[in-house]
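# Results of the structural survey
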Amino acid sequence: MPWIAVLAYGWVFHMGFFNFYLSLGCCLWALASAWDWRRRGLAIAALLLAVAYLAHALPVVWTTGVLAYLWLARRAGTRNQIKLFGAALMAIVAFGIVLGSTLATRWSSKQITLITGADQLWVFDDKYAPLAAASLLVWGLSLWRLKGVWRSLQFQICLITAAAILLLPSRVSIPGYQHSLVYIADRMSLALGVSVCAVLAAAPSRPYDRYAIAIVAALFFGMLYRDERLLNQFEDRVTAAVAQLPANARVVSGIDQPDLRVNALTHMVDRSCVGRCYSYANYEPSTAQFRVRVNRENPMVAATYADSFGFQTGRYVVKERDLPLYQLLADERGQIQVRIPPAGQPCGITAWKVL
C-alpha cells in the first residue's frame, strides 16, 4: 500500500493527466473484477471500461489487451505460455511497425528509462532520482525472493507492458486532432508500476523491506510537501498579480523553469484566471482533444496550438489583434511583473528557479 500511495501521487498525478488518471483507475478496477473470468465480474468490468473510455481510451486499450492475454494464457496451459508470451512480443513489434507506417509517430531511446514504473517517483527535479533508484532496488530484492515469479501471469503482464513501453512510439498523431497524443510511454509506466505492486504482493516480506518502504515513502512525501509549498507560495503571487488586472483580460505567462520534469509553472495562470480572466495561451481548445474546442480566431484563447506553444516558449510574435494582452514575468527576486508586450515582437519569457 505505501508503494501504491507513492505511485498515486507520482509523475502522472503532478502532470495533471487526470483524464488518463481516472481512466486508468477504472481500468484497474475492471481488471480486478474480470480476473477470475466470472460473468458477474465481466459485467462489472464492461461497465467500468465503458466509463473509463469516456475519460481516456489508452488505459482501456491496455486493459483489453491484458484481459485477452489472460484468457489465452489460461487456455494455453503452462507449457505453451512461453510461446504465447513470445507471440505477444512479436505482436507488439508488428503493431509498432504498422503504426509507424500509417501515422506520424515518434519513438525515443529515453523510453528505456520508463520500463520499470519507478520513474513515477521522479516528479520535479533531480533530487527525486535517488528515490526512484532506491525503490527499484527494493523491488528487485523482493522479486529475487519470489519463487516461480517467471511463471506467474502477473509477472508476464509486467514484462509485456514494459516491452510495449519500450518498443511502441510515445507520440502518435491521430487523424482529426490538431495535436499528437504525447507522453504515451510516460503515462503507461504508472500502469506498469501498479502491475509490479501486484507481483510484489505475493513476495515474502522482511522487516527491512518495511523499513525501506517507509523511508522511501516518507522522503518522497516530505520532498513533495516542501516543493508544493514553494510552488503554492509562487502561485499566490501569480494569483495576486492577476487579481489586479481588468476583468476578462487576456493573460499569458512568461515564466518558466525548464529543468523540471514536471514544469509546474506553465499552467499556474490557468487556475489563477478561473472566474477572472482568459488564459489566452491555454493549449487545450486548439488541440480538438477536449470538450471545449476553438475553430477560428477569437478574443478568448489562441486559435492554433502553434500559437499556444509560441506563447509558452516566448517565441510568439504578438499581433495587433491580440492587444490588449497582459503578460506575467518574473524579476530577479521572483516577484511577478505585468506588462503589455508590444505588437510585432516576440513575447519573450523569463526563467525563475522556484525549486
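Residues numbered from 1 in each chain as written. Predicted model: local features only at pLDDT ≥ 70, side-chain atom pairs only at ≥ 80, totals over all residues. Heavy atoms only, no water.

## Quick notes on the overall build of the protein chain
For the protein chain, the helix and strand inventory stands at twelve helices and eight strands. Expected size for 355 residues packed as a compact globule is a radius of gyration near 20 Å; at 23 Å, the protein chain falls within 12% of this value. With respect to the three principal axes, the spread of C-alpha positions in the protein chain is 70 × 45 × 40 Å. For the protein chain, the proportion of its 355 residues judged to be buried stands at 46%. Here the analysis covers contacts within the protein chain between residues at least 6 apart in sequence; of these, 71% occur between residues at least 24 apart. Surface exposure of the protein chain reaches about 18,700 Å², of which carbon and sulfur atoms provide 63%. Positive and negative charge centroids in the protein chain, built from 33 and 20 side chains respectively, lie 13 Å apart. (Helix = DSSP H or I, 4+ residues; strand = E, 2+ residues; numbered from the N terminus. Rg over C-alpha atoms; globule rule 2.2 N^0.38 Å. Buried < 20%, exposed > 50% of the residue type's maximum accessible area, 1.4 Å probe, protein only. Contact = heavy atoms within 4.5 Å. Areas by Shrake-Rupley, 256 points an atom, 1.4 Å probe, with all protein chains shown as cover. Lys, Arg positive; Asp, Glu negative; His and termini not counted. Charge placed at Lys NZ, Arg CZ, Asp CG, Glu CD.)

## Brief notes about the environment of V149
Mapped onto the elements of the fold, V149 is located in the loop between α6 (129-145) and α7 (153-167). Residue classification places V149 among the buried residues on the basis of a relative accessible area of 4%. Every residue in contact with V149, bar those within four places of it in the chain, is listed here: L143, F155 and V199.

## Things to note about the state of the cysteines
Throughout the structure, instances matching the rule amount to one disulfide. Between the sulfur atoms of C273 and its disulfide partner C277 the distance amounts to 2.1 Å. What sets the handedness of the C273 and C277 disulfide is the S-S torsion sign, and at about -95 degrees it is left-handed. You can see C27 has no disulfide; the closest cysteine sulfur is in C26, sitting 7.0 Å from it. (Disulfide = S-S within 2.5 Å.)

## Observations concerning a nonpolar patch on the surface
Among the surface-exposed residues, Y208, Y211, I215 and L219 lie close enough to one another that they form a single nonpolar patch of about 470 Å² accessible area. Relative to the elements of secondary structure, Y211 occurs in helix α9 (residues 207-243). (Patch = residues over 30% accessible without salt bridge, like charges linked within 9 Å, V, L, I, M, F, W, Y side chains within 5 Å. Salt bridge = Lys/Arg side-chain N within 4 Å of Asp/Glu carboxyl O.)

## Quick look at the packing of α7 against helix α8 (residues 184-200)
For the pair α7 and α8, the least separation of the axes is 9 Å and the interaxial angle reads 165 degrees. With respect to their mutual orientation, α7 and α8 come out roughly antiparallel. The chirality of how α7 crosses α8 is left-handed. Mapping the contact onto sequence places Q154, F155, I157, C158, T161, A162 and I165 in α7 and A185, M188, S189, L192, S195, V196 and V199 in α8. Its residues placed into classes, the contact of α7 with α8 shows ten nonpolar, four polar and no charged. (Axes fitted to C-alpha atoms, helices over the stretch in contact; angles between N-to-C directions. Parallel < 35°, antiparallel > 145°, perpendicular 65-115°, else oblique. Left-handed = near helix turned anticlockwise from the far one by under 90°. Nonpolar A, V, L, I, M, F, W, Y, C, P; charged D, E, K, R; others polar.)

## Thoughts on the nonpolar core
Of all hydrophobic cores here, the largest spans 94 residues; its most connected members are Y69, F124, F220, L231, F234, V251 and L328. If one sorts the elements of this core by residue count, helix α5 (residues 58-102) sits on top with 13 residues. Those residues within four positions of V251 in sequence are excluded, and the remaining contacts are L245, V269, C273, C277, Y278, S279, Y280, A281, L325, Y326 and L328. By size, the runner-up hydrophobic cluster in this structure holds eight residues, among which are V252, Y280, V318 and C347. (Core = buried A, V, L, I, M, F, W, Y, C linked by side-chain atoms within 4.5 Å.)

## Digging into the packing of aromatic side chains
Evaluation of the coordinates by the stated rule reveals 17 aromatic pairs. Considering the side-chain rings of F17 and Y183, the 5.8 Å spacing of their centres and the 45 degrees angle between planes classify their relative orientation as tilted. Residue F17 is located in the loop between α2 (11-15) and α3 (18-34), and its partner Y183 is located in the loop between β2 (171-172) and α8; the two are separated by 166 residues in the primary sequence. What links up through ring pairs into an aromatic cluster is the set Y9, F13, F18, Y21, F124, Y128, F220 and F221. Between R74 and the ring centre of W35, over which it is positioned, the NZ or CZ distance is 5.4 Å. Over the ring of F17 we find R187, and its NZ or CZ is 4.0 Å from the ring centre. (Phe/Tyr/Trp six-rings, centres within 6.5 Å; stacked < 30°, edge-to-face > 60°. Lys NZ or Arg CZ within 6 Å of the ring centre and 35° of its normal.)

## A closer look at unusual backbone geometry
Residues L323 and P324 are joined by a peptide bond in cis, for which omega reads 0 degrees. Within the fold, P324 resides in the loop between α12 (305-313) and β6 (325-330). Phi angles above zero are rare outside glycine, and Y183 is one such case at about 60 degrees. Look at A288: it is not a glycine, yet its phi comes out positive at around 65 degrees. Tracing the backbone shows A288 in the loop between α11 (284-287) and α12.

## Comments concerning the packing of α6 against α8
Taken N-terminus to C-terminus, the directions of α6 and α8 make an angle of 40 degrees; their axes are 10 Å apart at the nearest point. As far as their axial angle goes, α8 and α6 are oblique. The handedness of the crossing between α6 and α8 is left-handed. On the side of α6, the interface is formed by W139, S142 and L143, while α8 contributes V196, V199 and L200. Taken together, the residues of the contact of α6 with α8 break down into five nonpolar, one polar and no charged.

## Considering helix α4 (residues 39-55)
One full turn of an α-helix is made of 3.6 residues, so residues set three or four places apart face in the same direction. Here α4 spans 25 Å end to end across 17 residues, near enough to the 24 Å set by a 1.5 Å rise per residue. Listed in full, the buried residues belonging to α4 are G41, A45, L48, L49 and A52. All buried residues of α4 fall inside an arc of 110 degrees around its axis, so they share one side. Pointing more than 90 degrees away from the buried face of α4 are the exposed residues R39, R40, L47, Y53 and L54. Looking at the buried side of α4, the elements it contacts are α3 and α5. (Expected span 1.5 Å × (residues − 1). Arc of directions from axis to C-beta.)

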